[in-house]
Amino acid sequence: MGSSMKWSTCMVCLAGILLCLLSACGGGPSGSSPAANAAITAEAEAGDSAGDTEGKSESQLTLTTVQREKIGIASVAAAAANYSAESPGYGVVVGHESIAVASAEVATAQAAVRQSQAAVARVKQLAGTPGAMPSETAELAERQAAADSAALTLAERRLTALLGQGAPINAATSTLLAELATGQVKLVRVTFPLGSLSGPLPRRLRLARLDAASALNWTSDLVWEAPADATIPGRSFFTSLRSTNVGEGERLQVWASTSATINGAVVAESALIQSNSAYWCYIEDPAGSFTRIIVDTSRPVKGGYFVTEGIRPGAMIVTAGAGLLLARETNPSTEAEE
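Residues numbered from 1 in each chain as written. Predicted model: local features only at pLDDT ≥ 70, side-chain atom pairs only at ≥ 80, totals over all residues. Heavy atoms only, no water.

1. Thoughts on the environment of Gln-184
And then number 1: Relative to the helices and strands, Gln-184 resides in the loop between helix H6 (174–182) and strand E5 (186–193).
And then number 2: Between the C-alpha atoms of Gln-184 and Leu-241, which are 57 residues apart in sequence, the distance is 9.3 Å. (Helix = DSSP H or I, 4+ residues; strand = E, 2+ residues; numbered from the N terminus.)

2. Side note on the sheet that holds strand E9 (residues 234–241)
And then number 1: Strand order in the open sheet made by the seven strands is E7-E6-E10-E4-E5-E9-E8, with antiparallel pairing throughout. One side of each edge strand has no neighbouring strand; the edge strands of this open sheet are strand E7 (217–220) and strand E8 (223–225). Between one strand axis and the next, the sheet turns through 30 degrees on average, direction left out of account.
And then number 2: Direction of pairing for E5 relative to E9: antiparallel, over a ladder of eight bridges. When the bridges of E9 are listed, Thr-191 appears paired with Ser-236. (Pairing = 2+ DSSP bridges. Axes fitted to C-alpha atoms, helices over the stretch in contact; angles between N-to-C directions.)

3. What about empty space enclosed by the protein?
And then number 1: In this structure the tally under the stated criterion is one cavity of 30 Å³ or more.
And then number 2: In this structure, the largest cavity occupies an estimated 30 Å³ of space.
And then number 3: Around the largest cavity, the lining residues are Val-94, His-96, Ile-99, Leu-180, Gly-183, Val-185, Lys-186, Leu-187 and Glu-248.
And then number 4: Counting only elements with at least two residues in the lining of the largest cavity, the list comes to helix H4 (96–126) and E5. (1 Å grid on protein atoms, 1.4 Å probe; cavity = no way out; pocket = protein on both sides within 12 Å on 5 of 7 lines; lining within 4 Å. Points joined across faces, edges and corners; volume = space filled by probe spheres on them.)

4. Observations regarding the pattern of salt bridges
And then number 1: Taken as a whole and assessed by the stated rule, the structure comprises five salt bridges.
And then number 2: A salt bridge links Arg-158 to Glu-105; its shortest N-O distance comes to 3.7 Å. Pair noted here: Arg-158 is in helix H5 (residues 135–163) and Glu-105 is in helix H4, with a separation of 53 residues, a long-range link.
And then number 3: Residue Glu-105 is classed as partly exposed on the basis of its relative accessible area, which comes to 30%.
And then number 4: Where Arg-242 meets Glu-179, a salt bridge forms, and the shortest distance between an N and an O atom there is 2.9 Å. Residue Arg-242 is found in the loop between E9 and strand E10 (251–257), and its partner Glu-179 is found in helix H6; the two are separated by 63 residues along the sequence. (Salt bridge = Lys/Arg side-chain N within 4 Å of Asp/Glu carboxyl O. Buried < 20%, exposed > 50% of the residue type's maximum accessible area, 1.4 Å probe, protein only.)

5. Re the confidence of the model for the protein
And then number 1: Summarising the model, the protein shows a mean pLDDT of 76, and 78% of its residues fall at 70 or more.
And then number 2: Overall, residues 1–55 carries pLDDT values under 50, and its contacts beyond four positions in sequence, including any with other chains, amount to twelve contacts. (pLDDT = per-residue confidence, 0-100. Contact = heavy atoms within 4.5 Å.)

6. Things to note about unusual backbone geometry
And then number 1: The backbone of Asn-276 shows a phi angle near 50 degrees, a positive value even though the residue is not glycine.
And then number 2: Looking at the secondary structure, you find Asn-276 in the loop between strand E12 (273–275) and strand E13 (278–284).
And then number 3: A residue is classified by how much of its surface remains accessible, and Asn-276, at 56% relative accessible area, is exposed.
And then number 4: Within the chain, Ser-277 stands out as a residue other than glycine whose phi angle is a positive 60 degrees.
And then number 5: Positionally, Ser-277 belongs in the loop between E12 and E13.
And then number 6: Classification of Ser-277 by relative accessible area gives exposed; the value is 76%.

Printed below as a string of structure tokens:
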């Protein structure tokens, strides 16, 4: 029994010695020292900070002059611009032959009315004098005057049906009718899809050729209601276009403003970079820092995109080297050699 107690005591002592040795060697799950743990934590925090930057609307980067030159950065000032939301439609240049025919019918009917009314006036003037006309002649003149007046009314209504009831073709704007009839001014029939344009008449239309929308653009301030297009459901208007660069029967792109005009700046398309399913651009400040700002691309304009937040007119936008700036910002190991 004494031998058994001695053996148990030896086993307990051996176990205690092993535990002391493990503690002295710093054994544990990670096997790292406190200094190493601090370094790992700092690295993890830096990584988290870099990841958070992608979710923000801005981030900043600073370069030296040498680094800037090696990357090949070029910047241009953001241009000031005005913008209003637009609804797209299409237009067709109407041939002037039908306008010329309708205009001639009105002119012919007007001449006939003047002649028959003059005949009635002469008959009435001679009444009761030795040269008085027979009553049959007077009745005939009055009947002809009534017929000519009805013909004039019909011709005017045909012209109204052709050009629309709101057409500006009264006496004060008779010059426009003559210009439309001769083809000097083009009449364009504009149609917008059903539901895309409601409310009052658009105050201005923007038109462009189908094959040269960026090169040839026109605006027209004279717009009036047109009869509905029987082939396409929607809302139609007429507008006049003072241009010799379009042909009769030609189809055009048309846009109508649907909101109030707002002020902002234009970001050039060449300045955009894509990251994390968003578009960004870099703004350069005089101190040499570059701020990456998210760009709203929902309002495209000629040459770029219209923005109202984050970028002011005159801000220096990086148009060359933005991709390298993004690579340097997201991965500092890609720094340009100094």
